[in-house]
Amino acid sequence: TPHKIGWDTFLIHSLANSISEFGWAKWWVNPLSIGGFYPYSYASAVPFLASGSSQCTGIGMEWTVWLFGTLTGIFTIFFAYILAGAIGDDDLFKFLVAFGYSVAPGVLNFSTWQLSTRGLFIVLLPLFIYMLLKTRDSLKYVPLAITLFMLLAVTHHLFYFTIPVILSYIAVVIVYKLKERVKVKIPEFANLSFIGLFVVMLSIPFFTYLFISETGSRYTWVILLAQTYVRYIGILLIFTIGGFIYLSLKNNKGFEEWFLLISLICLAPLMYMVRYSKWALIIFGIVIAALGLINIAKVYDSKRGRCALAIIVIALLLSVSFS
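Please read all numbers here as calculations on a predicted model, not as lab measurements.

Thoughts on the overall build of the protein
Each helix and strand counted, the protein has 15 helices and 0 strands in total. Seen through its principal axes, the protein has C-alpha atoms that stretch 65 × 50 × 45 Å. Of the contacts formed within the protein by residues at least 6 apart in sequence, a portion of 72% connects residues at least 24 apart. As displayed, the protein has an accessible area near 16,700 Å², and 69% of this comes from carbon and sulfur atoms. In the protein, 22 positive and 13 negative side-chain charges are present, and the distance between their average locations comes to 6 Å.

Printed below as a string of structure tokens:
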């Protein structure tokens, strides 16, 4: 398009113009207004970024919106790449996560001529998860993770979805600390319980209507759930099934794998809040899908190697064409 698009874009454009004109956010009438938690207020991070970028560069706001979308789209690639590196030191895995996340329809949509608070959130979420995982290696990442969490809090209310992720991380850290003192070997058949637990957590809203904001047939909601996540994550969502089963049944899981598994189980009931959860779950869907594709790549050296390579290439091409 020859101009900016999206309802949110015009709203935030007007807020950014207000900051540039008056020198401060006139909708700040209470400290809670900064994060959009007070009536008639809006999360402030993106309006301030847009206003500051326009004033510093001398570029009009509409072209600032274009630059903002372009740059955040580029940053998406790098943030997803370093997150994948923190989960597994495998070049193909890092490439698949960076590629899949950057071309996912939900992410790609906000890399166009739009200015949305959700766009900045989904760009920064992989970086936050990376910082969270790195706090286990060095305490110097703690203030960075806290600062980034505060930035997410004033970016969009989607930051609520980071709370189950943080709690999952804390739970895994505690378990690992206990394992250092008490040697407990988990039997192999216990891995099946993780699949069962995920199904139970996913079924809770189905039977109780918890986290479902509208009435109607629960079967309609299941169909809507599938349609929504395919629409925003893309074709690679197919490989999340194999990736999740592999992750659940794998023996001797690493810290990062435990973190992914527990996070997915905790986020499962929230998946029915499709209006919001779809944005927070894109990165998890892509990471798990990459695990599924990596398993296909492992047979590359076997007699079926050419078939495995063809499946990966076709999957990546389909993901681009679908988006």
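Overview of the packing of helix α2 (residues 45-57) against helix α3 (residues 61-87)
Packed helix pairs are characterised by how far apart their axes lie and by the angle those axes make with each other. Viewed as axis vectors pointing N to C, α2 and α3 meet at an angle of 115°, and their least axial separation amounts to 9 Å. In this view, α2 runs roughly perpendicular relative to α3, as classed from their interaxial angle. By crossing handedness, the relation of α2 to α3 is classed as right-handed. Residue-level inspection shows Val46, Leu49, Ala50, Ser51, Ser53 and Ser54 of α2 in contact with α3, the latter providing Met61, Thr64 and Phe68. Each residue belonging to the contact of α2 with α3 can be placed in one class, and the counts come to 5 nonpolar, 4 polar and no charged.

A look at unusual backbone geometry
The phi angle at Tyr209 is positive, at roughly 65°, despite the residue not being glycine. With respect to the helices and strands, the residue Tyr209 is situated in the loop between α9 (192-208) and α10 (218-233). Here the phi dihedral of Asn252 falls at roughly 55°; this positive angle occurs in a residue that is not glycine. Inspection of the secondary structure assignment puts Asn252 in the loop between α11 (239-249) and α12 (255-267).

Here we look at the pattern of salt bridges
Under the defined criterion, the tally for this structure stands at 6 salt bridges. Its salt-bridge partner being Lys134, residue Asp137 comes within 3.5 Å of it at the nearest N-O pair. Its salt-bridge partner being Glu257, residue Lys250 comes within 2.5 Å of it at the nearest N-O pair. Looking at Lys250, the relative accessible area reads 23%, which means it is partly exposed. A single network of salt bridges, built from pairs that share partners, joins Asp89, Asp91 and Lys94.

Looking at helix α14 (residues 282-297)
For α14, which comprises 16 residues, the first-to-last C-alpha distance of 22 Å matches the rise-based estimate of 22 Å (1.5 Å per residue) to within 8%. The buried fraction of α14 is high, at 15 of 16 residues.

Observations concerning a nonpolar patch on the surface
Together, Val29, Leu32, Phe37, Tyr38, Tyr160, Ile163, Leu167, Ile170, Ile174 and Leu178 line one region of the surface with nonpolar side chains, adding up to about 930 Å² of accessible area. Structurally, Leu167 is set in helix α8 (residues 162-181).

Let's talk about the side chain of Glu257
By the secondary structure assignment, Glu257 is in helix α12. Ignoring sequence-local partners within four residues, the contact set of Glu257 consists of Leu247, Lys250 and Asn252.

Scoring rules and cut-offs
Residues numbered from 1 in each chain as written. Predicted model: local features only at pLDDT ≥ 70, side-chain atom pairs only at ≥ 80, totals over all residues. Heavy atoms only, no water. Helix = DSSP H or I, 4+ residues; strand = E, 2+ residues; numbered from the N terminus. Contact = heavy atoms within 4.5 Å. Areas by Shrake-Rupley, 256 points an atom, 1.4 Å probe, with all protein chains shown as cover. Lys, Arg positive; Asp, Glu negative; His and termini not counted. Charge placed at Lys NZ, Arg CZ, Asp CG, Glu CD. Axes fitted to C-alpha atoms, helices over the stretch in contact; angles between N-to-C directions. Parallel < 35°, antiparallel > 145°, perpendicular 65-115°, else oblique. Left-handed = near helix turned anticlockwise from the far one by under 90°. Nonpolar A, V, L, I, M, F, W, Y, C, P; charged D, E, K, R; others polar. Salt bridge = Lys/Arg side-chain N within 4 Å of Asp/Glu carboxyl O. Buried < 20%, exposed > 50% of the residue type's maximum accessible area, 1.4 Å probe, protein only. Expected span 1.5 Å × (residues − 1). Patch = residues over 30% accessible without salt bridge, like charges linked within 9 Å, V, L, I, M, F, W, Y side chains within 5 Å.

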